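Fold and contact review
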Amino acid sequence: MWDDAFPSFLIGLREGLEAGLIVSVLVATLVRAGAKSRLPQVWTGVLGAIALSLSFGAVLTFTAATLSATAQEAFGGTLSVIAVAFVTAMVFWMRRSARNLSGEIREKVTSALAMGTGMLIITSFLAVGREGLETALFLWTTARAAGESAGPMTGAGAGLVIAAALCWGLYRRVLKINLTKFFTATGIVLVVIAAGVLGYGLRDLQEGGVLPGKSAFAFDLSQSIDAGSWYGTLAQGVLNLTPSMTWLQVIAYVAYLTVVMTLFVRGVRTKPAKAESPKAEKAEKTEKAPSSRPAWVVPAAVVAVPAVVAGAVVAFSGSKPAGDQTVAVSEKDCGKGFTAPEPGRRTFQMHNTGDKVSEVYLVEPSTNAVHGEIEGLAPGTTRELVATVGGGEYAWRCVPTGGKTVTSTPVRVNGAAAKAVVPVSEKDLAAPLATYKEYVDKGLATLTDQTGRLDQDIESGDLDAARKDWLTAHLSYSSLGAAYGTFQDFDKKINGRTAGLADGVKDKDFTGFHRLEYGLWHGQSADDLRGPAQQLAKDTDGLRKAFPDQDFDPGDLPLRTHEILENTLQFELTGDADQGSGTTLATADANLAGTRELLDVLRPLLTARDTKLLPTVDADIARVQKLLDAAHHDDRWTPVDKLDAGDRARLNGATGQLLEDLAPIPDLLEIRKAG
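Keep in mind that what you see is a predicted model, and the values were worked out from it rather than measured. (Residues numbered from 1 in each chain as written. Predicted model: local features only at pLDDT ≥ 70, side-chain atom pairs only at ≥ 80, totals over all residues. Heavy atoms only, no water.)

Below, the discussion takes up helix α14 (residues 513–520). Burial of α14 is extensive: 7 of the 8 residues sit out of reach of the surface. All buried positions along α14 are accounted for by Phe513, His514, Arg515, Leu516, Glu517, Gly519 and Leu520. (Buried < 20%, exposed > 50% of the residue type's maximum accessible area, 1.4 Å probe, protein only. Helix = DSSP H or I, 4+ residues; strand = E, 2+ residues; numbered from the N terminus.)

Put into structure tokens, the structure is as follows:
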């Protein structure tokens, strides 16, 4: 949890110390001015600021929860960018103001004393409120990035407690801290963290459709970096760096870090102006006669107003449309609260009343057809499920993790039938899987012969023949794309790239097709390539022998219909996979063939669930195929970077459209537990 807690700990410590120092100076100034009776006004302003900050956090949390998934991404991304702006301004302001903070606050207090009770409350409220709002916004952002609130809240709480202790020590003159050095050191760390938050926020805006470039990845190291490892978790939790990032994320991250860090460090090195020694001004004792109003009225009002306003905002934004039902999800109460709804598009509030994470499905009991579903509903939480309801019988099926599947009592709705997704079981995918495994078996036998021939070419020193046979073998392997998740470590050995390798193309672990490609098209001799060629032939033969006993998850088949070409768009059509042969479009062609093969084995299941989908996809494939064929002349392929700008744009656009039309397939053929 520390990786999620650290950014919040740091912001809690900094903001807490900043607010605490302000309060300490306010209190000290009043005490020295002989105006202790005015201290309740300071604490009233502080309480109001705390209430405002908590209310702001509640508004962010509960209003976001009522938005659609896409709107949540856009909302969260926007606030992440705003949070970065606040944090950036904060670190520069504190670096500049640390030396003169005490004098500035004393001047404000002196002015407030002269202007009366209300101004002193407002002074303390504004001084602390700014830090509180910044803290609430940053905590909400980091909690959303972490996907949980326990770590960030624990970190922030620890930071605030330590900050309070430090401020008390400073007030009592027990501690002496060089605030300039403290805020400089923590500022540098926060600038790095803010760069990650900016990247995360921009990714959210891309996911929400606000910004383009959602599929334009600068890199994808998910195959070579374990995101669940301690270093992967630390990088994601503290720095918001993920194994795959888009170009927009990377450019924004680097630009922000370069510009802001340069300005911040340059400002630190610049000798600050000598702080003026503020002269303590003795405030006039203008004690007024005690008010007949009870002392608790103003503090209670100051605290209550933000809470009431926040409650109204949450209630208004989160109010459920008329007709929404709250339905229980658990082994004991599955479907409780469900009554026959009116036909049409309906929203149900699914509340997990049990003690296990659960999946829940709105089904037709007679056919097990699924009209809506939620996965991973945590205990005690509520999420919306939107489904179109027509004529027929409906029931809720609750599938608790590690528990017993329960189906509620069905209810009948009158009207025309609504479209549903007939669930797919492992049994349904057994035949397509067997057919596809047979296709892969034959492909691996062919591949073994081809890599053996490639090895012989290099052994005999015929590098011209080796280049031709390299392409033939590589295209055979690329056409087996749906099985790469099953190939385990063999895929990295046979078709691994340089991503994640310390020495790049010179790294000893750079093997397989791309290692030979680099050597064959960069003038390496047959002696240099004999070892890699022999190893490739050995690895492909090992894969052929191991494949029949490898686990092939049937659920991978629907996923790969989209993922093969997603990787193609990311690596082949950008030229990133090219190691000198200029044949990435040939690889894209092989990937397209592999996708077509996969769609053929899934065609009966897909046609039964959506009659219009495959004709649309087939037309998309034909369009992409035509564009690829135009780049193929006899035995030569046009390198992707040599394509005409218009042709390249059309190819990328056609592939993107194909990906968009393939996107529903994994959901249509998802193996559900609703059966």
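The structure having been displayed, the exposition proceeds.
Moving on to the state of the cysteines. The final tally for this structure, using the stated rule, is 1 disulfide. Here cysteine 334 is linked by a disulfide to cysteine 398, with a sulfur-sulfur distance of 2.1 Å. Classification of the bridge connecting cysteine 334 and cysteine 398 rests on its S-S torsion, roughly 85 degrees, and on that basis the disulfide is right-handed. Of the two residues, cysteine 334 sits in the loop between β3 (325–329) and β4 (344–352) while cysteine 398 sits in strand β8 (residues 392–400), which places them 64 residues apart along the sequence. You'll find cysteine 334 and cysteine 398 in the same group, each marked buried. (Disulfide = S-S within 2.5 Å.)

Per-residue confidence for the protein chain averages 78 on the pLDDT scale, and 69% of its residues sit at or above 70. Overall, residues 273–292 carries pLDDT values under 50, and its contacts beyond four positions in sequence, including any with other chains, amount to 17 contacts. (pLDDT = per-residue confidence, 0-100. Contact = heavy atoms within 4.5 Å.)

The next thing to look at is the side chain of aspartate 539. Here aspartate 539 shows up in helix α15 (residues 526–546). Buried charged residue aspartate 539 carries no salt bridge. Nearest counter-charge: lysine 493, at 4.8 Å. The residues touching aspartate 539, leaving out its near neighbours within four places in the chain, are Phe490, Lys493 and Ile494. (Lys, Arg positive; Asp, Glu negative; His and termini not counted. Salt bridge = Lys/Arg side-chain N within 4 Å of Asp/Glu carboxyl O.)

Before going further, it helps to examine the nonpolar core. Counting residues in each nonpolar core, the largest one holds 62 residues, and the members touching the most others are Ile458 and Leu585. Top contributing element to this core by residue count: helix α17 (residues 584–609), with 10 residues. Counting 19 residues, the second largest nonpolar core, distinct from the first, contains Leu362, Ala387, Trp396 and Val406. (Core = buried A, V, L, I, M, F, W, Y, C linked by side-chain atoms within 4.5 Å.)

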